[in-house]
Number of protein chains: 2
Amino acid sequence: MQPFRVAIAGLGTVGAETARILMTEAELLGARAGRPVELKAVSARDRSRDRGVDLSGVEWEDDAAALAARDDVDCVLELIGGSEGVAYDLVLGAIRSGKSVVTANKALIAHHGAEIAELCESHDVGLGYEAAVAGGIPIIKSVREGFSGNRIGRIYGILNGTCNYIMTVMRETGRPFEDVLADAQKLGYAEADPSFDVDGIDAAHKLAILSALAFGHHVDFKNVHVEGIRHVSPLDISFAEELGYRIKLLGIAEETGDGVQQRVHPCMVKAETPIGQVEGVFNAVVAEGSAVGTTLSYGRGAGAGPTASAVLADVIDLAACRRVPVFGLPSSKLSPGRTAPVTALSGCYYLRLMVIDRPGVLADVTAVFRDHGVSVEAMIQRARNPDEAVPLVLTTHETPETAIRTSLEELVKLDAVLEEPRLIRIEEF
Amino acid sequence: MQPFRVAIAGLGTVGAETARILMTEAELLGARAGRPVELKAVSARDRSRDRGVDLSGVEWEDDAAALAARDDVDCVLELIGGSEGVAYDLVLGAIRSGKSVVTANKALIAHHGAEIAELCESHDVGLGYEAAVAGGIPIIKSVREGFSGNRIGRIYGILNGTCNYIMTVMRETGRPFEDVLADAQKLGYAEADPSFDVDGIDAAHKLAILSALAFGHHVDFKNVHVEGIRHVSPLDISFAEELGYRIKLLGIAEETGDGVQQRVHPCMVKAETPIGQVEGVFNAVVAEGSAVGTTLSYGRGAGAGPTASAVLADVIDLAACRRVPVFGLPSSKLSPGRTAPVTALSGCYYLRLMVIDRPGVLADVTAVFRDHGVSVEAMIQRARNPDEAVPLVLTTHETPETAIRTSLEELVKLDAVLEEPRLIRIEEF
């Protein structure tokens, strides 16, 4: 049978590992694909760097875009990254020249997924992006194919290993965010510019993709509500533990009846739930289907090996001519983004105020809640420090997000309330 | 596009639920398959029973085998069960007449998988059996496609929800096996004849399938070492808890270098590991891949909805012409079963003896271990009951299975040792 000829654009750790496996496991991959899978060409900025893999028999292009034009390549692996520029041009160029594409680029799919899906259909090529969400966990395949007999009601998960690692270490050591982030950067778990990770954007890219797949709508990144973890303090982590919770940065997409609500923010989840048990750099995704019920998929969400694993699975599927519409349905059957705003949310909340420790403060605070119909479930004010700041922690029964936000606006006006209050949603799964 | 016409053989809870979803979600399933999916014919013993689904527009065959012969059917769903007889004849008949097949029948695949795989190849038809292992969890798809860029080193899991439910309730209530089994039978979690479940056979069927897929060998059920849970006592569960373990019936398939070792038996696993946290009727499978690292998939392993979910995913894949060789590789490339015997095992062990509480017993017991080179890690003899039977619990450091078995043979000869000793393997994941 004809070999399936692939080209890799981008030889960072993921690209180099993918190339290495393609070279060293060619026989196994070929047997699984039903035809030889050949690495034909590569492109990267620096030709001379030692990447631990012998690419001497492989064609080299200085310009990634040239890979799309080669007529000896069937499939382009875009492992450059970034939602615009070289990656965007390469992916669209490859599709337009009739090549299938595999990408690990969550930003690209989150921003341009709709256009790319349509282009794949009009050029009759396949696109794999398993590596874009939750690294080695085959969650795209699970949602797109494994749960195809279901209607998904909710899908949520820990989609960013960097954030989960930082919060795990913060909980274990009691150290503040900035310190742990600096260590994570030294260890290579966080980028020099950490904002994509810690501000929740990376998780939001992934959530936008999962939501589109799960609910059959056009990918709708701009309507994902995003909060990061910079404001999560050791104090909140320790109160969470006391209340039986762990703080996790979750991406949650949910069918509300008024549309799909997509949000990424720190959540308190019960420590003993499967999602609460996911620690360190691991990712996990929970999908709730009409037939299958609750499922969870767990694994490494990043790193050269797990990402290469996902890339190669896509390559083998494409080599074996197993194709699925980009978002599980033909573009014409995807619904427009039906967004339910996060202000429509109703749930339980954790609130930490820093208040002056003096008589009457609690009465003032609880009066605000009473006036806005917010029902308090528990209250902790353990430290004593007369006339100085102490933390006052409250958790609420189910209450509309609007009510808790209006309460907050009133609370900050109180003389006794110092600092910005900290609000964290509690998710009962 | 031409509709994909399916027939269902067997209208038990799974068959009826599959039929219901095919009828009520036809539009969604068709959109996902890229062509209409039509339920054309069914077969079941009792035509008159109310199954909660209107089958008036569907053809009825009294003889399941007749479904294989119909020329208006593209795919037969075998939901009858059993490794021989009607199910076997139907599946082989359908393949021989050029129809694709979807089955939930683990016994059939475990016993006849090799023959069926070859027949599928020679007749160029696809076979789906996602529902045969771990119910709604898409673990066949994950191993066969999602991890195709990996070599699997080990795959293990909780593959029988009935056993896991029974042991969870035993731990929570301290009640004995027989009592909890009787309740599980009343609740419909266990069959009237529970031996397939509680003796480990059902888990062994599933493990044999997973092992063949993961390691690319011919399915080799006869070489699965099988022990069930009948001997697990509340005493052992409580000692396990004290030692930080949970007892789980695991299926484990592992590449040992001398072949693949397949075994199903009760194991002690650390309570805080992901697999140790899986409780009740849930299943979970851990796959360890060369690139992806450790992954875990969790969900409901049985029941009408989860099983129908898996069946329908296979139907949609086949309708969309997405086909994978039955065991991930062409039959000609599967290796013969390369079995490593369980006696080659080396590991840590939990051992409970019932001994007479009198001086000198411990010296006699530990002398046996010394003589066989078994290194004791911990010992518990809490109860005091002079000259009566008390439990003596020991855990070992890593030791060959042969050494512990020879030690056991010596121990039962001691006067002070009453009853059959209980041996449970400790797995450190």
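Residues numbered from 1 in each chain as written. Chains lettered and ligands numbered in written order. Predicted model: local features only at pLDDT ≥ 70, side-chain atom pairs only at ≥ 80, totals over all residues. Heavy atoms only, no water.

Engineer: Looking at this structure, I do not really get the overall build of chain A. What am I missing?
Structural biologist: Summing up its helical and strand segments, chain A has 14 helices and 17 strands in all. Computed over C-alpha atoms, the radius of gyration of chain A comes to 24 Å, within 12% of the 22 Å expected from 2.2 N^0.38 for 429 residues, which places it in the range of a compact globule. By principal-axis analysis of the C-alpha atoms, chain A measures approximately 80 × 45 × 35 Å. Excluding contacts between residues fewer than 6 apart, the proportion of contacts in chain A whose partners are at least 24 apart in sequence is 74%. For chain A, the computed accessible surface area is about 16,000 Å², with 49% contributed by carbon and sulfur atoms. In chain A, 41 positive and 60 negative side-chain charges are present, and the distance between their average locations comes to 3 Å. (Helix = DSSP H or I, 4+ residues; strand = E, 2+ residues; numbered from the N terminus. Rg over C-alpha atoms; globule rule 2.2 N^0.38 Å. Contact = heavy atoms within 4.5 Å. Areas by Shrake-Rupley, 256 points an atom, 1.4 Å probe, with all protein chains shown as cover. Lys, Arg positive; Asp, Glu negative; His and termini not counted. Charge placed at Lys NZ, Arg CZ, Asp CG, Glu CD.)

Engineer: What is the right way to look at the relation of the copies chain B and chain A in this model?
Structural biologist: Superposition of the two copies of the chain requires a rotation about an axis together with a shift along that axis. Note on the identical chains: chain B maps onto chain A by a rotation of 180° and an axial translation of 0.0 Å, with an RMSD of 0.0 Å. The relationship between the two copies is best expressed as a two-fold rotation axis. (Least-squares fit on C-alpha atoms with pLDDT ≥ 70 in both.)

Engineer: Whenever I open this one, the domain arrangement of chain A confuses me. Can you help?
Structural biologist: By a widespread convention, an interface's size corresponds to the accessible area lost as its parts come together. Residues and elements named next belong to chain A. When the domains of chain A are assigned, the result is domain 1 (4-132), domain 2 (139-301 + 334-342) and domain 3 (345-427). Contacts between the two partners involve 21 residues from domain 2 and, on the opposite side, 16 residues from domain 3. Across the interface of domain 2 and domain 3, roughly 1,700 Å² is buried in total on both sides, 59% from carbon and sulfur atoms. Salt-bridge contacts for Glu427 lead to Arg263; the nearest nitrogen and oxygen are separated by 2.7 Å. At the boundary of domain 2 and domain 3, one finds nine residue pairs in polar contact (both at pLDDT 80 or more). Elements with a minimum of two residues in the side of domain 2 that touches domain 3: helix 11 (234-242), strand 9 (245-255) and strand 10 (260-270). In terms of residue count, the dominant contributor to the side of domain 2 that touches domain 3 is strand 10 (seven residues). (Domains from an automatic or database assignment. Buried area = accessible area lost by both parts, 1.4 Å probe. Salt bridge = Lys/Arg side-chain N within 4 Å of Asp/Glu carboxyl O. Polar contact = N/O pair within 3.5 Å; in protein donor to acceptor, adjacent residues only side chain to side chain.)

Engineer: Could you clarify how one ought to interpret the state of the cysteines in this entry?
Structural biologist: Working definition of a disulfide: a covalent bond connecting the sulfur atoms of two cysteines. Evaluation of the coordinates by the stated rule reveals zero disulfides over all chains. B:Cys321 supplies the cysteine sulfur nearest to A:Cys321, a cysteine that is in no disulfide, at a spacing of 11 Å. Take B:Cys75: it sits in no disulfide, and the sulfur closest to it among the cysteines is that of B:Cys120, at 11 Å. For B:Cys75, a relative accessible area of 0% gives the class buried. (Disulfide = S-S within 2.5 Å. Buried < 20%, exposed > 50% of the residue type's maximum accessible area, 1.4 Å probe, protein only.)

Engineer: What should I look at first to understand the UniProt feature "binding site: NADP(+)" (unreviewed entry) in chain A in this one?
Structural biologist: All names here are of chain A. Mapped onto this numbering, the UniProt entry annotates "binding site: NADP(+)" (unreviewed entry) at Ala9, Gly10, Leu11, Gly12, Thr13, Val14, Gly15 and Ala16. Counting through the fold element by element, Leu11 comes out in the loop between strand 1 (4-9) and helix 1 (13-24). Taking the relative accessible area as the measure of exposure, Leu11 reaches 4% and is therefore buried. Residues contacting Leu11, with those up to four places away along its chain left out, are Ala16, Val42, Ser43, Ala44, Arg49, Arg51, Leu55 and Trp60. Structurally, the position occupied by Ala16 is in helix 1. Aside from chain neighbours lying at most four places away, what touches Ala16 is Leu11, Arg51 and Val53. (UniProt positions renumbered as here; feature names shortened; annotations may be inferred.)

Engineer: Help me understand the interface of chain B and chain A, please; the structure alone is not making it clear to me.
Structural biologist: Contacts between the two partners involve 45 residues from chain B, matched on the other side by 45 residues from chain A. Across the interface of chain B and chain A, roughly 3,700 Å² is buried in total on both sides, 54% from carbon and sulfur atoms. Ranking the residues of chain B by area buried against chain A places B:Arg32, B:Tyr298 and B:Arg322 at the top, with a combined share of 17%. Between chain B and chain A we count four salt bridges in total. Two residues, A:Lys141 and B:Glu145, come together in a salt bridge whose shortest N-O distance is 2.6 Å. Connecting chain B to chain A are 14 residue pairs in polar contact (both at pLDDT 80 or more). Within the residue set of the side of chain B that touches chain A, elements represented by two or more residues are helix 2 (26-33), helix 6 (139-146), strand 12 (293-300) and helix 12 (304-319) of chain B. In the side of chain B that touches chain A, the residues fall into 20 nonpolar, 14 polar and eleven charged. Note that strand 12 (residues 293-300) of chain A and strand 12 of chain B share three bridges and pair antiparallel. Directly across from A:Tyr298, in strand 12 of chain B, lies its bridge partner B:Leu296. (Nonpolar A, V, L, I, M, F, W, Y, C, P; charged D, E, K, R; others polar. Pairing = 2+ DSSP bridges.)

Engineer: In this structure, what is going on with unusual backbone geometry? I would like to understand it.
Structural biologist: Both trends apply: most residues other than glycine have a negative phi, and most peptide bonds are in trans. The backbone phi angle of B:Asp124 is positive, close to 55°, even though this residue is not glycine. Within the element layout of this structure, B:Asp124 appears in the loop between helix 5 (106-123) and strand 6 (127-128).

Engineer: How should the UniProt feature "active site" (unreviewed entry) in chain A be read in this particular structure?
Structural biologist: All names here are of chain A. UniProt records the feature "active site" (unreviewed entry) for Lys206 in the present numbering. Among the structural elements, Lys206 can be located in helix 10 (residues 201-215). Excluding residues within four positions of it along the chain, Lys206 makes contact with Lys106, Ala132, Val133, Ala134, Leu159 and Asn160. A polar side-chain atom of Lys206 sits 2.6 Å from a polar atom in the side chain of Asp202.

Engineer: Mind showing me how you'd approach a nonpolar patch on the surface here?
Structural biologist: All names here are of chain A. Judged by side-chain polarity, Leu362, Val376 and Met379 come together as a nonpolar surface patch covering roughly 200 Å² of accessible area. Mapped onto the fold, Met379 is located in strand 14 (residues 376-380). By relative accessible area, which is 35% here, Met379 ends up partly exposed. (Patch = residues over 30% accessible without salt bridge, like charges linked within 9 Å, V, L, I, M, F, W, Y side chains within 5 Å.)

Engineer: Just checking my understanding: could you explain the side chain of A:Glu17 for this structure?
Structural biologist: Residues and elements named next belong to chain A. Among the structural elements, Glu17 can be located in helix 1. Of the polar contacts made by the side chain of Glu17, one reaches the side chain of Arg20; its length is 2.9 Å. Beyond its immediate sequence surroundings of up to four residues, Glu17 is in contact with Ala304, Gly305 and Ala308.

Engineer: Is there a simple way to think about the pairing of strand 13 (residues 346-356) of chain B in this case?
Structural biologist: If a strand is regular, its side chains alternate between the two faces of the sheet. Residue and element names in this part refer to chain B. Within strand 13, ten of the eleven residues are buried, leaving the element largely enclosed by the surrounding structure. Bridging between strand 13 and strand 16 (residues 399-400) involves two bridges; their strand directions are antiparallel. Directly across from Gly347, in strand 16, lies its bridge partner Thr399. For strand 13 and strand 17 (residues 417-427), the ladder comprises seven bridges, and the chain directions are antiparallel. By the bridge assignment for strand 17, Met354 is matched with Leu418. One ladder, built from seven bridges, connects strand 13 with strand 15 (residues 389-396); its direction is antiparallel. Paired with Ile356 across the bridge in strand 15 is Ala389.

Engineer: Could you clarify how one ought to interpret the sheet that holds strand 1 of chain A in this entry?
Structural biologist: Where strands meet in a sheet, backbone hydrogen bonds hold them as pairs that are either parallel or antiparallel. Residues and elements named next belong to chain A. Spatially, 3-2-1-4-5-6 is the arrangement adopted by the six strands of the open sheet, whose pairing is parallel. Looking at strand neighbours, the two that pair on one side only are strand 3 (59-61) and strand 6 (127-128), the edges of this open sheet. Pairing analysis gives four bridges linking strand 4 (residues 75-78) to strand 5 (residues 100-103), with the strands arranged parallel. Bridged to Cys75 within strand 5 is Ser100.

Engineer: Teacher, can you tell me more about the sheet that holds strand 1 (residues 4-9) of chain B here?
Structural biologist: Residues and elements named next belong to chain B. Here six strands make up an open sheet; going across it, the order is 3-2-1-4-5-6 and the pairing parallel. A strand with exactly one partner marks an edge of an open sheet, and here the two such strands are strand 3 (59-61) and strand 6. Strand contacts of helix 4 (residues 86-96): strand 1, strand 4 (75-78) and strand 5 (100-103), with the helix running at about 165° to strand 4, the strand carrying the most contacts. Contacts from helix 12 reach strand 1, strand 2 (37-43), strand 4, strand 5 and strand 6, with the element oriented near 165° to strand 5. (Axes fitted to C-alpha atoms, helices over the stretch in contact; angles between N-to-C directions.)

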